[in-house]
Each structure stands twice: as structure tokens, then as C-alpha cells.
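# Structural description and commentary
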Amino acid sequence: MTLFSVEGKTVVVTGGSRGIGRMIAAGFVAAGATVYISARKTAEVDKAAAELGCTAVPADLSTPEGVGALAEAVEGPVHVLVNNAGATWGAPLEEYPGHAFDKLWGINVKGVFHLTQRLLPRLRAAATPDDPARVINIGSVDGIRVPALESYAYSATKAGVHMLTRHLARQLAPEHITVNAIAPGPFESKMMAFALDDPATRELVAGGVPLGRIGRPDDMAGAAIFLSSRAGAYLTGTVIPVDGGITA
């Protein structure tokens, strides 16, 4: 079954030490890819890489220095770039701080743009007409519909990620680089821990999902591997909700 194979590809996953990034990285490692993961905290990314069997690159992608450090650490052509690193911020409307927008814009949107820009030569080196290089941006269902929580900057930046995905897809298609986004619903992550660690709240969250459960690691890894394999070679500019039916 080569239709869904990613064996031998070089994959970069940002924010790969935990949560959705780790789920995706683990899936690619198990599928035979060479994987680099990045995160800000050196101890955490080193530990995750040792457990997964991949390469750790500590980097703060909200800064030019961090983007440069990751780009320099990766060797050879890059077949798949997964822009997953991100942050959230919740507060009531009257108390929502202006600097939250600056922080989240820097990480969630500018970080995606600048790393993709910096790795373009590596992506071009991997791209062919039959097997394009792939960029996968991790957006959110909160960038598609208004969430119940007061996370103004998060939702706005994730909507921005979706539109940036479409812009890049159109620009890079002639160079045989596809750009797609995955919009996750509720998954086990640090961002969702405030809700999912409490059994009553967890049940409430799961009850709001038409399929009746929280997302699993295979759900996220499967979507990313599909987009990176021969099966996903003809998709670009899409935003795929992996949300158990929430946005339906």
C-alpha cells in the first residue's frame, strides 16, 4: 500500500514536544519518515524526541532567531513542513489585553509565514510534479466558527492561518508545493487541559461533538499523513476540519 506511504520523507513538525504536534510527529515516525520536532523548552523537546525516536531542535518561532535556528538545523530537502506551534489566551471582553493579540499574532500567524518562507528552498528541493512538497498549517475549528470561550485573539489568528494557507497555496502551486490546513476540534493538549482534565467538563465537551468523543492521536496523525502522501497530492488550499462533526 504505497498510496498513503510517507516512508523516507523528511518532515519538520513545530510545537512537536506535546499535544497535537507530538501526535503528528509520532505518526510520521511510525510511518518511516525522518522527523525533526521543535519547541521552545529545550528539556521538553529533547525528552519528546528521545521517546519518539526523532531529532529535537529547540527554537522559539516567534522570533527571527528561532526561525533561523530551526532552518539551519534541518538537513537536506524538506518534504513536509507541519506548522503546528501556537498559543492561546482567554479572558473576558472588558479585560482582554491588547498584548495578547501581539503575542498570538507573532506565534500563530507570523511564525507560520516566516518559517515557511525560510524553508522554501528546502521545500523546492523536495518538490516534483508527481510528488509535491507539502506544507500543513494547524488552524482550529475556532477559526471557522465562534467558540463559547472568550478567546478573541486565538480565534482571529486561526482564521488568519486559514486565509494565509489559501494565499500560499495559490502562490506555490506552480512550484509543486501544496499548502493545506487542518482545523482540529477538541484533542488532548495543554490548551485544552483546563477543560479535559475535569471529568464533568470533559463529558460536556465530548457531548458537544456529534461523534460523541474527544479526538485521538490517530485522528490527527492520519489527517497529516494523508495530506503528505500520494493520496493527498492533488489537494491544495483546503482547510480540513478534524473535529468529529462540530463544524457540520
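Residues numbered from 1 in each chain as written. Predicted model: local features only at pLDDT ≥ 70, side-chain atom pairs only at ≥ 80, totals over all residues. Heavy atoms only, no water.

An unreviewed UniProt entry annotates the protein chain as NAD(P)-dependent dehydrogenase (Short-subunit alcohol dehydrogenase family) originating from Nonomuraea dietziae. Listed under Sequence similarities (unreviewed entry) in UniProt, the entry text for the protein chain is "Belongs to the short-chain dehydrogenases/reductases (SDR) family." (UniProt positions renumbered as here; feature names shortened; annotations may be inferred.)

It is worth spelling out the sheet that holds strand β7 (residues 239-242) at this point. With respect to topology, seven strands assemble into an open sheet ordered β3-β2-β1-β4-β5-β6-β7, the strand pairing being parallel. Bordering the open sheet on either side are β3 (55-58) and β7, each of which pairs with just one other strand. When strand polarity is set aside, the average angle formed by the axes of neighbouring strands in this sheet is 20°. Where strand β6 (residues 177-184) lies against β7, four bridges are found, and the strand directions are parallel. Counted as the bridge partner of P184 is V242 from β7. (Pairing = 2+ DSSP bridges. Helix = DSSP H or I, 4+ residues; strand = E, 2+ residues; numbered from the N terminus. Axes fitted to C-alpha atoms, helices over the stretch in contact; angles between N-to-C directions.)

On to a nonpolar patch on the surface. Together, L93, F101 and Y152 give the surface a local cluster of nonpolar side chains, amounting to about 270 Å² of exposed area. Locating L93 in the fold gives a position in the loop between β4 (80-83) and α4 (98-118). Look at L93 and you get exposed, because its relative accessible area is 53%. (Patch = residues over 30% accessible without salt bridge, like charges linked within 9 Å, V, L, I, M, F, W, Y side chains within 5 Å. Areas by Shrake-Rupley, 256 points an atom, 1.4 Å probe, with all protein chains shown as cover. Salt bridge = Lys/Arg side-chain N within 4 Å of Asp/Glu carboxyl O. Buried < 20%, exposed > 50% of the residue type's maximum accessible area, 1.4 Å probe, protein only.)

The next point concerns the pattern of salt bridges. Counting across every chain of the model gives nine salt bridges. Across the pair R145 and D142 runs a salt bridge whose closest N-O atoms are separated by 2.6 Å. Take R145: its relative accessible area is 30%, and that puts it in the partly exposed class. With a closest N to O distance of 2.9 Å, D219 and R213 form a salt bridge. The class of R213 is partly exposed, set by a relative accessible area of 27%. Each member of the salt-bridge network shares a partner with another, and the members are K9, D131 and R134.

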